[in-house]
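# Coordinates in review
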Amino acid sequence: MSTGGLIATDLVIAVLAAAGWLGGGAAAAARRRPLALGLALFALLATLARAITVTALARAGWWFAAEKILIAAPLSLAAVAVAGPRLLRPPVDIRSVAVPLLFAGYAQSAALLVTVLHGYPASAGAGLLAVAGVVAATTISWRVLGTRPSRAAYRAALVLAVGALVAGTGLAAAPGATSGAPHHHEYRDARALGEPTRRFTLTAGTATVNVSGRDIAAWAFNGQVPGPELTATVGDVIEVVLRNRNIDRGVTLHWHGYDVPNGQDGVPGVTQAAVRPGAEFVYRFRAGQAGTYWYHTHAVSDVGVRMGLYGVLVVRPAPATGVDVTVAVHTLAGLPLPVPRTEPVEAAAPVRLRLVNTDDTTHRYALAGTPFRVAAIDGFDLREPAPLVDTAVLIPAGGRYDLVFSAPATPVALFVDGRAVYATGTAPAATAGWPVLDPLTYGARSPVPWPRFDRRFTLTLDRGLDLHGLLPRYAHTVNGKADPDIPPQVVRLGDVVKFTIVNRSLVVHPWHLHGHHVLVLSRNGSPATGSPLWLDSFDVRPGDVWEVGFRADNPGMWANHCHNLPHADAGMTLHLMYAEGEARIGPPLHVR
Ligand code: C2O
Ligand code: CU
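Residues numbered from 1 in each chain as written. Chains lettered and ligands numbered in written order. Predicted model: local features only at pLDDT ≥ 70, side-chain atom pairs only at ≥ 80, totals over all residues. Heavy atoms only, no water.

### Concerning the pattern of salt bridges
Convention followed: Counted as salt bridges are all cases of a side-chain nitrogen of Lys or Arg within 4 Å of a carboxyl oxygen of Asp or Glu. Strands are runs of DSSP state E lasting at least 2 residues, helices are runs of H or I lasting at least 4, and numbering of each runs from the N terminus. Exposed residues in this analysis have more than 50% of their type's maximum accessible area, buried residues have under 20%, and partly exposed residues fall in between, with area computed by a 1.4 Å probe over protein chains only.
Enumeration according to the criterion identifies 22 salt bridges in this entry. Between Glu239 and Arg284 there is a salt bridge whose closest N-O contact spans 3.0 Å. You can see Glu239 sitting in strand β4 (residues 237–244) and its partner Arg284 sitting in strand β6 (residues 280–286), a full 45 residues away along the chain. The buried category is assigned to Glu239, whose relative accessible area is 9%. For Arg284, a relative accessible area of 28% corresponds to the partly exposed category. The partner of Arg455 in a salt bridge is Asp495, and the shortest N-O contact between them spans 2.3 Å.

Here it is as structure tokens:
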């Protein structure tokens, strides 16, 4: 079973165990003997079964099991120790086992809450709060059910509950060692760029756009969704004037995947202020990297991008030759973009399809009717990509794949999630059963360019209760905290950095670090064996452990977040921060 499957299975068993104990306790209190014994026995088995799932999770990685071993296991043992013997020799009056069974139920429920609301890392505070809850609930049950404990036992329980509550609350509320990222940092872009050779103006505003005959209220750049495709040739100096006509919540431009200097990165509150209605901001950067990229607003980005404030940025090594088509997939008001188009292509013409996923979730792309190669991912060329036939690719939120082929005489069609979006003629195809390409094993390998890492960080992705804002929320968390309380990863210029990204949650998190491409080292313990993969967007699925590396070669304060933008908004955003002072002089910028 995959680790993601184990996480889900363990959760289901834990819910069943808690429900079984509680149900058994209630049935015992109601003197429903067979029902009480049946439920309790079932709960006992479920509790014992968790030993298997938790052990398997621990083997997959301590991050997946920490709180289950440190908090849930002792509570489960207590449950079994208290309730188990009474089940083996059930007394005549079944009501007398009600409280022990309820105790087991509270213990299992508390352990479950620790996993669901708190997660990793396990903390003494969470453990003590769980104990306080269990003792308090058990004591109340004791009183209510009339099987009064002795005064001494009652006092002891009370003292224990209050003590654990106080200690747990104190520990949980204590400020962490590091505070969140200082926002409003300013880094000046000191590079002299010279005169722009490519100038664009993008004006953001509300607009009505027509999609397949339906009028949609959107937010658009220059009145269109997607915004205009910006193109340049390597060596150009790009200047983009961003104007905000009437987007009240402000706009910016983030060059997704383009490793621009920090001041041009377009993150409001971090690299600039959001551009208010009537105001403008001028972006200027050198087109140093060829490839397929995109741009989007980063102000209330979960709303802004969905509403249409995005477009494609293509930088070519030389002026375009052959057929060069961009397919930027987006969901606008529930309607899929782009609208399908068919255009004949001359046989033997070289074709490049630039596939972009601007949505919050993964899309499946299938090119039918021709062998093809994946020439580039996230703007970086792959090494010796082999021809593929009848193979689908999964592109994460924010990701890009460039597919190349020489046009056959017969029609070719590209399907996105089964829907034809681009074709050179009528080419029906059943692509649903195709295998999916694993980019980690595709293309020719070359050794990792660094002998060692100067810094290592682990990001554990999960969900958890966040009490630090105005209102409590069930946040998407990193290492148990939510934005803005997640400590930044601090590096020095020149450092070689390793990130281990672990997904403990039940949903996919497409990870995106600004300002850098990361080299994939391994996924779930298997080293990447294909072409070097320099990514800016990659899907960390439930149970996944990704190891990626990069050289800290672009100073500033960089957003580092989940690109399922509602997740980023709900807490899953942190920052990579450069400390003053260089580590040492390293080799040149990107090793391609
Ligand atoms: Cu495309 Cu910070 O995102
Ligand atoms: Cu996410």
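Here the narrative resumes.
### Remarks on the environment of Leu70
Mapped onto the secondary structure, Leu70 falls in helix α3 (residues 62–88). Distance from Leu70 to Ser109, taken between C-alpha atoms, is 15 Å for residues 39 residues apart in sequence.

### Some thoughts on the coordination of the copper ion (ligand 2)
The line we're drawing: Coordinating donors are taken as N, O and S atoms within 2.8 Å of the metal, stretched to 3.2 Å for Na, K and Ca; because water is absent from the atoms, sites can appear incomplete.
Within the protein, the atoms that donate to the copper ion (ligand 2) are His509 (ND1), Cys562 (SG) and His567 (ND1), at distances of 2.0 to 2.1 Å. Expressed as a motif, the donor residue spacing for the copper ion (ligand 2) is H-x52-C-x4-H. Placement of the pair is His509 in strand β24 (residues 509–513) and His567 in helix α8 (residues 565–569), with a sequence separation of 58 residues. For His567, a relative accessible area of 10% translates into the label buried.

### Concerning the UniProt feature "domain: Plastocyanin-like" (unreviewed entry) in the protein
For clarity, the threshold we go by: UniProt positions are given in the numbering used here, feature names are shortened, and annotations may be inferred rather than shown by experiment.
The UniProt entry lists residues 207–318 and 475–579 under the feature "domain: Plastocyanin-like" (unreviewed entry), expressed in the numbering used here. Here residues 475–579 runs as 5% helix and 52% strand, with 28 Å between its end C-alpha atoms.

### A few points about the domain arrangement of the protein
For the record, the criterion: Each domain's extent is set by a domain assignment, obtained either automatically or from a database.
Domain parsing of the protein yields domain 1 (3–173), domain 2 (182–320), domain 3 (322–437) and domain 4 (455–578). Averaged C-alpha coordinates put domain 1 and domain 3 at centres separated by 52 Å.

### A closer look at the pairing of strand β25 (residues 518–523)
Which entries qualify depends on this criterion: Pairing between two strands is assigned when DSSP locates at least 2 bridges connecting them.
When you tally the buried positions in β25, you get five out of six residues, the bulk of the element. In the sheet, β25 pairs with strand β27 (residues 534–535) via two bridges, with the strands oriented antiparallel. Following the sheet pairing, Leu519 is matched in β27 by Trp534. Both β25 and strand β29 (residues 545–551) contribute to a ladder of four bridges, which runs antiparallel. The residue of β29 that forms the bridge with Arg523 is Trp546.

### A look at the packing of α3 against helix α4 (residues 98–118)
For clarity, the threshold we go by: Axis geometry follows a simple rule: fit a line to the C-alpha atoms, using only the stretch in contact for helices, then measure angles between N-to-C directions, giving values from 0 to 180 degrees. With respect to orientation, any angle under 35 degrees is reported as roughly parallel, any angle over 145 as roughly antiparallel, any angle of 65 to 115 as roughly perpendicular, and every other angle as oblique. Should any heavy atoms of two residues lie within 4.5 Å, those residues are considered in contact. Under the scheme applied, nonpolar residues are Ala, Val, Leu, Ile, Met, Phe, Trp, Tyr, Cys and Pro; charged residues are Asp, Glu, Lys and Arg; polar residues are all the others, including Gly.
For the pair α3 and α4, the least separation of the axes is 8 Å and the interaxial angle reads 170°. Considered as vectors, α3 and α4 are oriented roughly antiparallel to each other. In this structure, α3 contributes Glu67, Lys68, Ile71, Ala72, Leu75, Ser76, Ala78, Ala79, Val82, Ala83, Arg86 and Leu87 to the contact, and α4 contributes Pro100, Leu101, Phe103, Ala104, Ala107, Gln108, Ala110, Ala111, Val114 and Thr115. Considering only residue class, the contact of α3 with α4 consists of 16 nonpolar, three polar and three charged.

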